[in-house]
Amino acid sequence: MIKNFFKVAVRNLWKHKGYSFLNIFGLAMGMTCSLLILLWIRDEQSVDGFHTKGDRIYRVYERQYYDGKIEAGYYTPGVLAAEMKKVLPEVELASGFTWEDNGTFQVGDKIMKEKGSAAGTDFFQIFSYPLLQGNPATALPSLSNIAISRKMAVDLFGSPREAMGKTIRYQNRKNFMVSSVFEDLPENTSDKFDYLLHWDTFLEENSWAKEWGNNGPSTYLLLRKDASPALVTKKITKFLDNYNKEQSKSFRIELGMQRAADIYLHASFKNGEIAGGRIEYVRLFSIVAIFILLIACINFMNLTTARSVNRAKEIGIRKVVGAVRPALVRQFISEAVLLAFFSMILAMAMVILLLPAFNQLTGKHIVFPYGSSSFWWWMAALTLITGVFAGSYPALFLSSFKPIRVLKGSEGLRSFRTRKERGTKLRRSSLKFSAGAAWFRKGLVVFQFALSIVLIIGTIVVARQVNYIRTINLGFDRENLVYIPLEGDLTGKYKTFKEEALRLPGISDVSRMSDAPTSLGSNTGGVDWDGKDPNVTPMFTQVSVGYDMAKTLHLRFVAGRDFSRDFPTDSVGYILNEAALKKIGYKDPIGQRLTFWQKKGKIVGVIRDFHYASLHDPILPLIIRLREDEGWGNALVRTRAGQTREALAGLERLCKQLNPRFPFTYQFSDEEYQKLYKSEAIVDRLSNCFACLAIFISCLGLLGLAMFTAEQRTKEFGIRKVLGARVSTLFGLLSREFLLLVLIAFLVASPLAWWAMHQWLRNFAYHINVEWWVFLLAGMMALFIALLTVSFQALKVAVANPVKSLRAE
């Protein structure tokens, strides 16, 4: 029986090549999109999931209560890991871990810059990073040791074995001995580093991290096998109460913990609780994949039911000779599964061809999983589910035909009236659908185009938001602004660097800042002023700068002035942004008292609010303090328009002269700003591709239906032309039905798209409004594409010679 099903299916596919191609290609396009998204989701879910002890590894986070708000993040005191391991019996191992840093290393004449961090001695016992040389328990035995990657070992020493026990010069101020070499990190890890320093080295260079009142580093815990995560979470909630004496009624801290493998996808907080993250994009694209596969399945349903006339007699004869309905259902579903199988083969071929471009589009390194048995099981399941789903309605519909009526042709009677002879009834020889079947088919078309229009509206909104992010006035000029890290000898020669840089061609202004102006993140509650409520502890972002800061960034003052050498008291002067002034409440702020970290000073200026963090977050109160001779951080260099290349060449020569043991590195401000919205840019590009693909697949189905409708109405149109109908009238008759369906789809899609985009835009503190013209544009695009799709077939039928179509009569 299966062999017979296969033969009949192949014969039908071959007999109707055009429809078979539309079905297979349309379904293959939907499967291709779904497969690419499935591979992307698979890659996202694999991040940090390779650690053998992953189910017991947790990361601690702080929940801070202040100023009527609850803020949370993965920043903790630098001494927390050691204390938790000592105090909590449920903790087997613990390690601190710092943020990514750029270090300069020298071995002989080789000088190179690498990204790395600092970690505790338990780090390699907690995480499953393979060691090529060394032992996990002694990978970082003391503060004079360093662990490096295979890449770094090869670049500096030739091989991992040769690197062991050798000395590396770090930042031209310390020597470290290589105590272990780890394998280069896989792509599916969220932490990226090529070296790890001992934790005590970090504490030695950052004494503030030893204080319980300060936070910044991360803390990882490995729980014992018999430990209860819920019980440990409860025990650590008030853990800091016995250590952090700065807590009060107006400011307190609680601790929580989260499984480390979950953080990559669930790293966002709302009101102190974990509330999403990249998982939102995983869910979004999962829905998109389902949408596009549904559109492709609807194509199959529509085309198969529309072609039922071609198989009506076959079904009638089969029933006459004894075929029962369940057998016919199995046959048609088998044909659908076979077609889905062919589509899946074509889809996998397209995925393999498109994967390099898809990786470039998403910034991933996805490899087609040829050797994964689970992947092939998923493919088999997807093929079967798609085939059964796409073939279910056509199978039930086709198997319901009555053999007597089909063979007698009575089920194909239909009448119509012309404008000139409304009393004359003409008989069509073709089989027609029942009213219910016709409405169901139209409903599928509406559903199909509704999904496509939702994607079009979403694409327009996402593109506008991304463009808004790119073009918004941040409050400072990020064009022609260059960051140069102050490191090595530059930390003590900043004054000389600034004087010499201002003499170089193409450079207009130079200043310094402790952090890049698009990523200020140091917060403090240690601020006091006249009239401050002692029961409230608001948080302020703080940054230290040099002279000419406002001039270099092109900031605008609403009151007061910038720091100046003409005013020696500016060393304890402060500049506020508008948000800080609003929080403090001074009506006439210039000259008013402000105490920052126990240092009394006065407000010398107020600048307009500028965006110094992501647009996802509102602008928070900012305090700027003067530290011209601090030396560390970044030099901010403003170049003249059109002279950036010349300015960079001069800066490179100057840095090599003043800081010969460090390679010249720099970042452009606008590029660093764009990195903040890498995810949104990927969503923008992917939504463009998927929306176009959805419309294309929908149009394939529309084209197939138009071809079938035109074929079925050929004689009708011939008679209408003989009776005097114009070409435009016939064109309108054929296209009007489809355009009406698209219009209904637009009315269904618009509120759904508005709700979805409104929810997405809520993730941004600053965003566009969803304007009415977006919906109008999407609807007009859908109507135009639909009209373009059916117009060729409509014109072909409208201008056909009626003699040919009526010859059979």
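Residues numbered from 1 in each chain as written. Predicted model: local features only at pLDDT ≥ 70, side-chain atom pairs only at ≥ 80, totals over all residues. Heavy atoms only, no water.

Novice: Before we move on, could you go through the overall build of the protein chain and cite the residues and values that matter?
Specialist: On a plain count of helices and strands, the protein chain comes out with 24 helices and 26 strands. The buried share among the 809 residues of the protein chain stands at 52%. The long-range fraction of contacts in the protein chain, counting pairs at least 24 apart against all pairs at least 6 apart in sequence, stands at 78%. Accessible area for the protein chain stands at about 37700 Å²; split by element, carbon and sulfur atoms hold 57% of it. (Helix = DSSP H or I, 4+ residues; strand = E, 2+ residues; numbered from the N terminus. Buried < 20%, exposed > 50% of the residue type's maximum accessible area, 1.4 Å probe, protein only. Contact = heavy atoms within 4.5 Å. Areas by Shrake-Rupley, 256 points an atom, 1.4 Å probe, with all protein chains shown as cover.)

Novice: Explain the packing of helix α15 (residues 494–501) against helix α18 (residues 644–658) to me, and be specific about the residues and the numbers.
Specialist: α18 packs onto α15 with a crossing angle of 150° between their chain directions and a minimal axis gap of 11 Å. Viewed along their axes, α15 and α18 adopt a mutual orientation that is roughly antiparallel. Along this stretch, α15 crosses α18, giving a crossing that reads as right-handed. Side by side, α15 and α18 meet where T496, F497, E500 and A501 of the first sit next to L651, L654, C655 and L658 of the second. The residue makeup of the contact of α15 with α18, split by class, is six nonpolar, one polar and one charged. (Axes fitted to C-alpha atoms, helices over the stretch in contact; angles between N-to-C directions. Parallel < 35°, antiparallel > 145°, perpendicular 65-115°, else oblique. Left-handed = near helix turned anticlockwise from the far one by under 90°. Nonpolar A, V, L, I, M, F, W, Y, C, P; charged D, E, K, R; others polar.)

Novice: Provide a residue-level description of the packing of helix α21 (residues 714–722) against helix α22 (residues 727–761), including the pertinent values.
Specialist: Two numbers describe how α21 lies on α22: the axes approach to 10 Å, and their chain directions differ by 150°. In terms of orientation, α21 and α22 fall into the roughly antiparallel class. Classified by chirality, the crossing of α22 by α21 is right-handed. Facing α21, whose interface residues are F717, R720 and K721, α22 presents L730, L733 and L734.

Novice: Could you give me a rundown of the pattern of salt bridges, with the residues and numbers involved?
Specialist: Close approach of charged atoms allows side chains of opposite charge to pair. Tallied over the entire structure, the rule returns 33 salt bridges. When the shortest N-O distance is used, the salt bridge between K364 and D43 registers 2.7 Å. With K364 in the loop between α11 (325–362) and α12 (373–398) and D43 in helix α2 (residues 17–46), the pair connects residues that are 321 residues apart, well separated along the chain. As far as burial versus exposure is concerned, K364 and D43 are alike and both buried. The salt bridge partner of R593 is D528, with a shortest N-O separation of 3.8 Å. With R593 in strand β22 (residues 593–596) and D528 in strand β18 (residues 527–529), the pair connects residues that are 65 residues apart, well separated along the chain. Accessibility expressed as a relative area gives 24% for R593, which makes it partly exposed. On the basis of relative accessibility, which here comes to 35%, the residue D528 falls in the partly exposed class. It is possible to trace a salt-bridge network through shared partners that takes in R63, K238, R252, E254 and E273. (Salt bridge = Lys/Arg side-chain N within 4 Å of Asp/Glu carboxyl O.)

Novice: Give a description of the side chain of E44 that names residues and reports values.
Specialist: Of note, E44 is situated in helix α2. A polar side-chain atom of E44 sits 2.3 Å from a polar atom in the side chain of K364. Beyond its immediate sequence surroundings of up to four residues, E44 is in contact with Y264, L265, R278, V282 and K364. (Polar contact = N/O pair within 3.5 Å; in protein donor to acceptor, adjacent residues only side chain to side chain.)

Novice: Can you break down the side chain of N244 residue by residue, with the values?
Specialist: Secondary-structure assignment places N244 in the loop between α8 (229–236) and β12 (251–259). A relative accessible area of 4% places N244 in the buried class. Excluding its chain neighbours within four sequence positions, the residues that come into contact with N244 are W212, G213 and I253.

Novice: I'd like a description of a nonpolar patch on the surface, backed by residues and values.
Specialist: Residues L740, L743, I744, L747, V748 and L752 make up a contiguous nonpolar surface patch of roughly 540 Å² in combined accessible area. Within the fold, L743 resides in helix α22. (Patch = residues over 30% accessible without salt bridge, like charges linked within 9 Å, V, L, I, M, F, W, Y side chains within 5 Å.)

Novice: Describe the environment of Y264, with residues and values.
Specialist: The topology assignment puts Y264 in the loop between β12 and β13 (269–270). Measuring from C-alpha to C-alpha, the distance between Y264 and D48 comes to 7.6 Å, with 216 residues separating the pair along the chain.

Novice: Before we move on, can you summarise the pairing of strand β3 (residues 91–97) with the specific residues and values?
Specialist: The element β3 is extensively covered by neighbouring structure, given that six of its seven residues are classed as buried. Pairing of β3 with strand β11 (residues 218–223), which is carried by six bridges, proceeds in the antiparallel orientation. Each residue of the ladder has a partner; that of L93, found in β11, is L222. (Pairing = 2+ DSSP bridges.)

Novice: So what's going on with the packing of aromatic side chains? Which residues, and what values?
Specialist: Going through the model one piece at a time under the given rule, you end up with 44 aromatic pairs. On the basis of an interplanar angle of 90° and a centroid distance of 5.6 Å, the ring pair of F123 and F124 is categorised as edge-to-face. Take F123 and F124: they sit in the same class, and that class is buried. Taken together, the ring pairs in this structure connect F50, F97, F123, F124, F127, Y129, F182, F193 and Y220 into an aromatic cluster. Across the ring face of Y65, the terminal group of R252 is positioned such that the distance to the ring centre comes to 3.8 Å. (Phe/Tyr/Trp six-rings, centres within 6.5 Å; stacked < 30°, edge-to-face > 60°. Lys NZ or Arg CZ within 6 Å of the ring centre and 35° of its normal.)

Novice: Would you mind going over unusual backbone geometry in detail, with residue names and values included?
Specialist: One non-glycine residue, N480, lies in positive phi territory at about 55°. Given a relative accessible area of 28%, N480 falls into the partly exposed group. Look at H554: it is not a glycine, yet its phi comes out positive at around 60°. Structurally, H554 can be placed in the loop between α16 (549–553) and β20 (557–560). For H554, a relative accessible area of 39% corresponds to the partly exposed category.

Novice: Please give an account of the state of the cysteines that cites residues and values.
Specialist: Evaluation of the coordinates by the stated rule reveals zero disulfides. No disulfide involves C692; its nearest neighbouring cysteine sulfur is the one of C689, lying 7.0 Å away. Taking relative accessible area as the criterion, C692 reaches 55% and is therefore assigned exposed. (Disulfide = S-S within 2.5 Å.)

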